[in-house]
Amino acid sequence: MAVSDLYVAQYLLDATQAAESPLVWQAEDGGSFSTHLNGVKLSLFHARTLGWSGLCLSLSRGEEVTYVEEPRPVALFGRKFRTDDDERLSAVIQHLAHAVSRQCQARKLRAWTLRDSIRESLYRRILFPDADRG
């Protein structure tokens, strides 16, 4: 039995929102996000084509690459999809994007709050490298 796009997207959402040991994403240039899970590189980004813009999840390992795209709505205006599964997949990918964005933003704010202590720690490592060896 094949694993569905919806199942994989939901798994990644659950792993990202896990209370213990969440999947940790990194913000990349251009507004994309990436992480690694079990040897697979995951990238989440906005894909833009003529007449459509949506979220895309890339999964790659070496030369192997596949994409999970947010389904395109069939209605010109609104969010009507071909099937209920397409609608669910769209919602899960959007929730994943929000969870990843919140996670990266929280880390960025925490680093900003701790910037003075981080700076001091890094300065000490540069200036006094043997001090930590005690």
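Only a predicted model underlies this, so the values are computations on that prediction, with no experimental measurement involved. (Residues numbered from 1 in each chain as written. Predicted model: local features only at pLDDT ≥ 70, side-chain atom pairs only at ≥ 80, totals over all residues. Heavy atoms only, no water.)

Caption draft 1: A look at the sheet that holds strand β3 (residues 40-49). The strand order across the open sheet formed by five strands is β1-β2-β3-β4-β5, and the pairing between neighbours is antiparallel. The open sheet has two free edges, formed respectively by β1 (26-27) and β5 (64-69), since each of these has just one partner strand. When strand β4 (residues 52-61) meets β5, the two strands line up antiparallel, connected through six bridges. Bridge pairing in β5 links Ser58 to Tyr67. With respect to the sheet, helix α2 (residues 84-113) is in contact with β1, β2 (33-37), β3, β4 and β5, its orientation differing from that of β5 by roughly 105°. (Pairing = 2+ DSSP bridges. Helix = DSSP H or I, 4+ residues; strand = E, 2+ residues; numbered from the N terminus. Contact = heavy atoms within 4.5 Å. Axes fitted to C-alpha atoms, helices over the stretch in contact; angles between N-to-C directions.)

Caption draft 2: Inspection of the pairing of β2 at higher detail. Relative to β2, β1 runs antiparallel, the two sharing two bridges. When the bridges of β2 are listed, Gln26 appears paired with Ser34. Where β1 hands over to β2, the hairpin turn is made up of five residues, of which Gly30 adopts a positive phi near 80°. Direction of pairing for β2 relative to β3: antiparallel, over a ladder of five bridges. Among the inter-strand pairings, Ser34 is bridged to a residue of β3, identified as Ser43. Connecting β2 to the antiparallel partner β3 that follows it, the hairpin turn spans two residues, and Asn38 within it adopts a positive phi of roughly 55°.

Purely geometric stuff here, so don't read any function into it on its own.
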